[in-house]
Amino acid sequence: MCQECGCSPDTTRKLLDVRRKVLEDNDVWAERNREMLRGYGVLGINLMSSPGSGKTTLIERTIDALRGRCRIGVIEGDLETDRDARRIRQRGVPVRQITTGQACHLDAFMLHEAMHNLPLDRIDLLFVENVGNLVCPAAYDLGTGMNVVLLSTTEGDDKPAKYPLVFRRSELMVITKSDLLQGVDFDPRLAVQEARAVNPLIQVIVLSSRTGEGIGEWIEYIERGAKS
Amino acid sequence: MHEFSIVQSLLRTIGRYAAEHSATEVSKVIVRVGPLSGVVPHLLRTAFDTFKEGTVAEKAELCIKEEAMRLHCDDCGRDSGVSSPMFRCQHCGSLRVKACNGDELILERLEMECP
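Residues numbered from 1 in each chain as written. Chains lettered and ligands numbered in written order. Predicted model: local features only at pLDDT ≥ 70, side-chain atom pairs only at ≥ 80, totals over all residues. Heavy atoms only, no water.

S.K.: Explain the overall build of chain B residue by residue, including any values.
M.R.: Per the secondary structure count, chain B includes 2 helices and 6 strands. N-terminal to C-terminal, the α/β element order of chain B is α-β-α-β-β-β-β-β. For chain B, the spread of C-alpha atoms along the principal axes amounts to about 55 × 30 × 15 Å. Here chain B, with 115 residues, has 47% of them falling under the buried criterion. Taking as baseline every contact in chain B between residues at least 6 positions apart, the subset at least 24 positions apart corresponds to 70%. For chain B, the computed accessible surface area is about 5,200 Å², with 49% contributed by carbon and sulfur atoms. The distance from the centre of the 14 positive side-chain charges to the centre of the 17 negative ones in chain B is 5 Å. (Helix = DSSP H or I, 4+ residues; strand = E, 2+ residues; numbered from the N terminus. Buried < 20%, exposed > 50% of the residue type's maximum accessible area, 1.4 Å probe, protein only. Contact = heavy atoms within 4.5 Å. Areas by Shrake-Rupley, 256 points an atom, 1.4 Å probe, with all protein chains shown as cover. Lys, Arg positive; Asp, Glu negative; His and termini not counted. Charge placed at Lys NZ, Arg CZ, Asp CG, Glu CD.)

S.K.: Break down the side chain of serine 152 of chain A for me, with residues and values.
M.R.: All names here are of chain A. By secondary structure assignment, the location of serine 152 is in strand β6 (residues 146-152). Exposure remark for serine 152: the relative accessible area of 1% places this residue in the buried category. Setting aside anything within four residues of it in sequence, one finds serine 152 in contact with Ser53, Thr176, Lys177 and Phe186.

S.K.: Please provide a residue-by-residue account of the nonpolar core, values included.
M.R.: Counting 57 residues, the largest nonpolar core has Ile14, Val29, Val31, Phe48 and Leu110 of chain B as its most contacted members. Here this core gets 7 residues from one element, more than from any other, and that element is helix α1 (residues 3-20) of chain B. Setting aside residues no more than four positions away along its own chain, phenylalanine 48 of chain B makes contact with Val7, Leu10, Leu11, Ile14, Val29, Ala57, Ala60 and Leu62 of chain B. Counting residues in hydrophobic clusters, the runner-up holds 28 residues, among them Ile59, Ile63, Trp218 and Tyr221 of chain A. (Core = buried A, V, L, I, M, F, W, Y, C linked by side-chain atoms within 4.5 Å.)

S.K.: I'd like a description of unusual backbone geometry, backed by residues and values.
M.R.: All names here are of chain A. Even without a glycine there, the phi angle at arginine 19 is positive, about 50°. Locating arginine 19 in the fold gives a position in strand β1 (residues 12-21). A relative accessible area of 54% places arginine 19 in the exposed class.

S.K.: Break down the sheet that holds strand β5 (residues 97-99) of chain B for me, with residues and values.
M.R.: Residues and elements named next belong to chain B. On the basis of which strands lie adjacent, the open sheet formed by 3 strands has the order β4-β3-β5 and antiparallel pairing. On the outer flanks of this sheet lie β4 (79-82) and β5, each paired with one strand and no other. Pairs of neighbouring strands in the sheet enclose a mean axial angle of 30°, with direction left out of account. Bridge count between strand β3 (residues 69-73) and β4: 4 bridges; the pairing is antiparallel. Within β4, the position partnered with methionine 69 by the bridge is valine 82. (Pairing = 2+ DSSP bridges. Axes fitted to C-alpha atoms, helices over the stretch in contact; angles between N-to-C directions.)

S.K.: Kindly report on the packing of helix α1 (residues 24-40) of chain A against helix α4 (residues 108-116) of chain A, identifying the contributing residues and their values.
M.R.: Two numbers describe a pair of packed helices, the interaxial angle and the distance between the axes. Residues and elements named next belong to chain A. Across the interface, α1 lies against α4 with an axial gap of 8 Å and an inter-helix angle of 30°. The angle between the axes of α1 and α4 places the two elements in the roughly parallel class. Note on packing geometry: the crossing formed by α1 with α4 is left-handed. In this structure, α1 uses Asn26, Trp29, Ala30, Arg32, Asn33, Met36 and Leu37 to contact α4, whose residues at the interface are Ala108, Phe109, Leu111, His112, Met115 and His116. Along the lines of polarity and charge, the residues of the contact of α1 with α4 split into 8 nonpolar, 4 polar and 1 charged. (Parallel < 35°, antiparallel > 145°, perpendicular 65-115°, else oblique. Left-handed = near helix turned anticlockwise from the far one by under 90°. Nonpolar A, V, L, I, M, F, W, Y, C, P; charged D, E, K, R; others polar.)

S.K.: An account of the side chain of lysine 52 of chain B is needed here, citing residue identities and associated values.
M.R.: One can find lysine 52 of chain B in the loop between α2 (41-51) and β2 (61-66). Once you skip the residues sitting within four places of it in the chain, lysine 52 of chain B turns out to touch Leu11, Ala57, Glu58 and Ala60 of chain B.

S.K.: Describe the interface of chain B and chain A, naming the residues involved and giving the relevant values.
M.R.: Opposite the 38 residues of chain B that make contact, chain A presents 33 residues. With both chains or domains summed, chain B and chain A bury close to 3,200 Å², and 54% of this area falls on carbon and sulfur atoms. Across the chain B-chain A interface, the total number found is 7 salt bridges. Elements with a minimum of two residues in the side of chain B that touches chain A: α1, β1 (25-33), β5 and β6 (105-114) of chain B. Top element by residues in the side of chain B that touches chain A is β6 of chain B. It accounts for 10 residues. (Buried area = accessible area lost by both parts, 1.4 Å probe. Salt bridge = Lys/Arg side-chain N within 4 Å of Asp/Glu carboxyl O.)

S.K.: Describe in detail the environment of lysine 14 of chain A, supporting the description with residues and values.
M.R.: In this fold, lysine 14 of chain A is placed in strand β1. According to the relative accessible area criterion, lysine 14 of chain A is partly exposed, its value standing at 35%. For lysine 14 of chain A and aspartate 27 of chain A, which are 13 residues apart along the polypeptide, the C-alpha to C-alpha distance reads 27 Å. In contact with lysine 14 of chain A, other than residues within four places in its own chain, are His21, Leu110, Glu111, Met112 and Cys114 of chain B.

S.K.: Which residues make up the pattern of salt bridges, and what values go with them?
M.R.: Under the definition given, this model contains 29 salt bridges over all chains. As a salt-bridge pair, arginine 71 of chain A and aspartate 124 of chain A come within 3.0 Å of each other at their nearest N and O atoms. You can see arginine 71 of chain A sitting in the loop between α2 (55-66) and β3 (72-78) and its partner aspartate 124 of chain A sitting in the loop between α4 and β5 (125-129), a full 53 residues away along the chain. Classification of arginine 71 of chain A as partly exposed rests on a relative accessible area of 41%. Relative accessible area serves as the criterion here: at 24%, aspartate 124 of chain A is assigned to the partly exposed category. Between aspartate 74 of chain B and lysine 98 of chain B there is a salt bridge, with the nearest N and O atoms lying 2.9 Å from each other. On the criterion of sequence distance, the pair formed by aspartate 74 of chain B in the loop between β3 and β4 and lysine 98 of chain B in strand β5 is long-range, its members being 24 residues apart. You can call lysine 98 of chain B partly exposed: its relative accessible area is 23%. Linked by salt bridges that have partners in common, Arg19 of chain A together with Arg32, Glu67 and Glu108 of chain B make up one network.

See below:
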């Protein structure tokens, strides 16, 4: 290297137009997952939301509602503990826990490894409960057939504008804890309007896992998805 | 805070291109980030500066181009460009707008030293 200016006379500077997604390597694994699920005829549903919005409870409700009609498998993503997996296991369905440690999201490779440990030939529906977080999971395509975002009424109707990516990447927004609507300042119309600003095609279901309101509509939605 | 994971993917990709072109060093990395990408530019920079050590991009400068987002207004029919995730028509103030883009997270260009 030249002492005067730091240039390297033996090398030439090359400019390379790359124009590729930064998370391209994740997308390669996501594509493999998509093919694998398609091969087994399994509908994968990636559930994303803040912590405490009711993902695990909704999965439990769904297992009960579909018992005998649809075989379900579950992959649980958490920073620590396998508490959610234990809850699901009590319902008698195959479940795998991914403990991410430091990572605030699941990526397609983690899901791929977990899928290898599930009997995909004996399930119709695979729920993937992502790490509770409205930001990071949205950046990672997992290769599931459906992305669903849960927004609970206690979180506030302004979340779609504050955390736009997860609403942009989801085909369905499930507004949970509708039984609490009377006690909180949550305007479902505003939440829907803001979600549709980032994603005009997003579908909406309002439900309560506790009272059962809207659960029928949810079940219909995923059964329709599983058939197509 | 997934910028650390994103940077690790970015550095893997850079390493691949550098090896393909037998580059001895990567001097500049240009990425394009949209306001809906979920990435905070200064956190991306911090993560990059932390993880680039010991890689071929050790001396690289990270250049982040913050992309504007195009909003289409359902009321007045016009488009406006905004650089933050704000959903209001810049012409008529309507909230009935749709984002046409904004989730970009793209490795645009590399400057490399090659023999």
